[in-house]
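Chain by chain, the residues:
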Amino acid sequence: MRAVGYQQSLAITDEASLMDIELPRPEPGARDLLVEIKAVSVNPVDTKVRMRAQAEPGAYKVLGYDAAGIVRAVGSEVSLFKPGDEVFYAGAITRSGTNAEFHLVDERLVGAKPKSLSFEEAAALPLTTLTAWETLFDRLDIKRPVKGAANAVLIVGAAGGVGSIAVQLARKLTDVTVIATASRPETQAWARELGAHHVIDHTKPLAEQVEALGIGAPAFAFSITHTDAHFPEIAKIIAPQGRFALIDDPKTPIDISLLKGKSVSIHWESMFTRSTFQTADMERQHEILSEASRLVEVGTIRTTLADVLGPINAANLKRAHAFIESNRAKGKIVLSGF
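What you see is a predicted model, and the numbers here were worked out from it, not measured in a lab.

**Structural notes on the pairing of strand 5 (residues 86-89)**
In this sheet, strand 5 lies alongside strand 4 (residues 67-74) in antiparallel orientation, the contact comprising 4 bridges. Looking at strand 5, one finds that isoleucine 70 is bridged to glutamate 86. Relative to strand 7 (residues 110-112), strand 5 is paired through 3 bridges, and the arrangement is antiparallel. In the strand pairing of strand 7, tyrosine 89 is matched with valine 110.

Written out as structure tokens, the structure reads:
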């Protein structure tokens, strides 16, 4: 089968950073689905893994953690899906990725693709939806208010893939006031279009801008990107006994003691925790994606697809990785078929 992979961690400008390759078609294990890939999207995790994880000697590493496709075969213990089902999912970082014609995924990580969406529109959703959902509802628990605090969430970096879903989920599924950050006119307009009540500029001091809104100190803060740069301002503005979550990898250490005086709790989110450690609640991701699919069908949330770059091949994936690494993404970049 056709796939895109690499052997060494190289800059995306290097010819060998991603290569078109041929691999054997995999066979499903007991709870696996064999999915024919119809579309994939590219996330920051793809670029991070490319630069940190080498392939085994003589082998290729295949990236890709978002996909939509059609189930072509199932393992002996599969009960949630059958051949012919259209699905979408983000998979597991511990297995070979979705940048291939066929891909194996545990059924407990998979949802039924929204029927109203194309494969490209659906592929834009899984990883960011799972990350945003788990952060807002499993980690921050934003439906549980903080006494004395403004019932508001500050979402730092709201115009990217995760932020684009987080804004929608917080606005549509709760009564929490959504304060989004974005720095360019087009990304600020995007955040408002998705439902943010207020949009502020993260290139300027955050605390002063939040205070100017006149709603009080927010109970919740969700930092998606450049947490090390924004953390002192977040610590300054978040309410006492508030809850703070982050998903990125700060390049410089953050001083969490800034939150001690306010007894603010800190929550890390990694969408791959459940699949990596085979947690007892691993099927929660199937449940989240199933509910997200329903919400799409009834018009509550929408795809965050921004651009389709063409078929899945090394040249197009290099373009996508380069754009992600530029930190100028709005919404999601998708590749369609082979």
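**Description of the layout of surface pockets**
What the largest pocket holds in volume is close to 1400 Å³. Forming the boundary of the largest pocket are 50 residues, of which Pro44, Lys48, Ile224, Thr225 and Asp248 lie nearest the centre. Only helix 1 (44-52), helix 3 (126-139), helix 4 (161-173), helix 7 (227-237), helix 10 (314-325) and strand 15 (332-336) provide two or more residues apiece to the lining of the largest pocket. The element that contributes the greatest number of residues to the lining of the largest pocket is helix 1, accounting for 6 residues. Lining the second largest pocket are 13 residues, and of these Met1, Pro26, Ser96, Phe102 and Leu104 lie nearest its centre. Grouping the constituent residues of the lining of the second largest pocket by class yields 9 nonpolar, 3 polar and 1 charged.

**As for the packing of helix 6 (residues 206-213) against helix 7**
Taken N-terminus to C-terminus, the directions of helix 6 and helix 7 make an angle of 35 degrees; their axes are 8 Å apart at the nearest point. Mapping the contact onto sequence places Leu206, Ala207, Glu208, Val210 and Glu211 in helix 6 and His230, Glu233, Ile234, Lys236 and Ile237 in helix 7. Residues of the contact of helix 6 with helix 7, tallied by class, amount to 5 nonpolar, 1 polar and 4 charged.

**Structural notes on a nonpolar patch on the surface**
Together, Ile256, Ile266 and Trp268 line one region of the surface with nonpolar side chains, adding up to about 310 Å² of accessible area. With respect to the secondary-structure elements, tryptophan 268 resides in strand 13 (residues 265-268).

**Observations regarding helix 4**
Across its 13 residues, helix 4 extends 18 Å between first and last C-alpha, which sits within 8% of the 18 Å expected from 1.5 Å per residue. Counted residue by residue, helix 4 has 10 buried out of 13 residues, so it is predominantly covered. Here helix 4 has its buried residues at Gly161, Val162, Gly163, Ser164, Ile165, Ala166, Val167, Gln168, Leu169 and Ala170. Of the surrounding elements, those touching the buried residues of helix 4 are helix 3, strand 8 (150-156), strand 9 (177-181), helix 5 (185-194), strand 11 (218-223) and strand 15.

**Focus: the packing of aromatic side chains**
Per the counting criterion, the structure on display carries 3 aromatic pairs. When the ring centre of phenylalanine 137 is taken as origin, the NZ or CZ atom of lysine 143, which lies over that ring, is 5.4 Å away.

**Notes on the sheet that holds strand 13**
In spatial order, the strands read 10-9-8-11-12-13; together these 6 strands make up an open sheet with parallel pairing. Edge positions in the open sheet fall to strand 10 (198-200) and strand 13, since each of these has one partner strand only. On average, adjacent strands in this sheet sit at an angle of 20 degrees to one another, irrespective of strand direction. Where strand 11 and strand 12 (residues 243-246) come together, 4 bridges link them in parallel fashion. Across the sheet, residue phenylalanine 220 finds its bridge partner in strand 12, namely arginine 243. Set on the sheet, helix 4 makes contact with strand 8, strand 9 and strand 11; between it and strand 9 the angle comes to about 165 degrees.

**Structural notes on the side chain of histidine 267**
Of note, histidine 267 is situated in strand 13. Within polar-contact distance, the side chain of histidine 267 engages the backbone oxygen of arginine 139 at 3.4 Å. A distance of 2.9 Å separates a polar atom in the side chain of histidine 267 from a polar atom in the side chain of serine 265.

**Re the pattern of salt bridges**
Side-chain pairing between opposite charges can occur once the charged atoms of the two side chains come close. Taken as a whole and assessed by the stated rule, the structure comprises 23 salt bridges. The closest approach of N and O atoms between arginine 50 and glutamate 325, which form a salt bridge, is 2.9 Å. Of this pair, arginine 50 sits in helix 1 while glutamate 325 sits in helix 10, and the two are 275 residues apart along the sequence. Glutamate 325 gets classed as partly exposed once you look at its relative accessible area, which sits at 35%. Across the pair arginine 52 and aspartate 249 runs a salt bridge whose closest N-O atoms are separated by 3.8 Å. A residue pair is termed long-range when its members are at least 10 positions apart, and arginine 52 in helix 1 and aspartate 249 in the loop between strand 12 and strand 13 qualify at 197 residues.

Cut-off values and rules
Residues numbered from 1 in each chain as written. Predicted model: local features only at pLDDT ≥ 70, side-chain atom pairs only at ≥ 80, totals over all residues. Heavy atoms only, no water. Pairing = 2+ DSSP bridges. Helix = DSSP H or I, 4+ residues; strand = E, 2+ residues; numbered from the N terminus. 1 Å grid on protein atoms, 1.4 Å probe; cavity = no way out; pocket = protein on both sides within 12 Å on 5 of 7 lines; lining within 4 Å. Points joined across faces, edges and corners; volume = space filled by probe spheres on them. Nonpolar A, V, L, I, M, F, W, Y, C, P; charged D, E, K, R; others polar. Axes fitted to C-alpha atoms, helices over the stretch in contact; angles between N-to-C directions. Contact = heavy atoms within 4.5 Å. Patch = residues over 30% accessible without salt bridge, like charges linked within 9 Å, V, L, I, M, F, W, Y side chains within 5 Å. Areas by Shrake-Rupley, 256 points an atom, 1.4 Å probe, with all protein chains shown as cover. Salt bridge = Lys/Arg side-chain N within 4 Å of Asp/Glu carboxyl O. Expected span 1.5 Å × (residues − 1). Buried < 20%, exposed > 50% of the residue type's maximum accessible area, 1.4 Å probe, protein only. Phe/Tyr/Trp six-rings, centres within 6.5 Å; stacked < 30°, edge-to-face > 60°. Lys NZ or Arg CZ within 6 Å of the ring centre and 35° of its normal. Polar contact = N/O pair within 3.5 Å; in protein donor to acceptor, adjacent residues only side chain to side chain.

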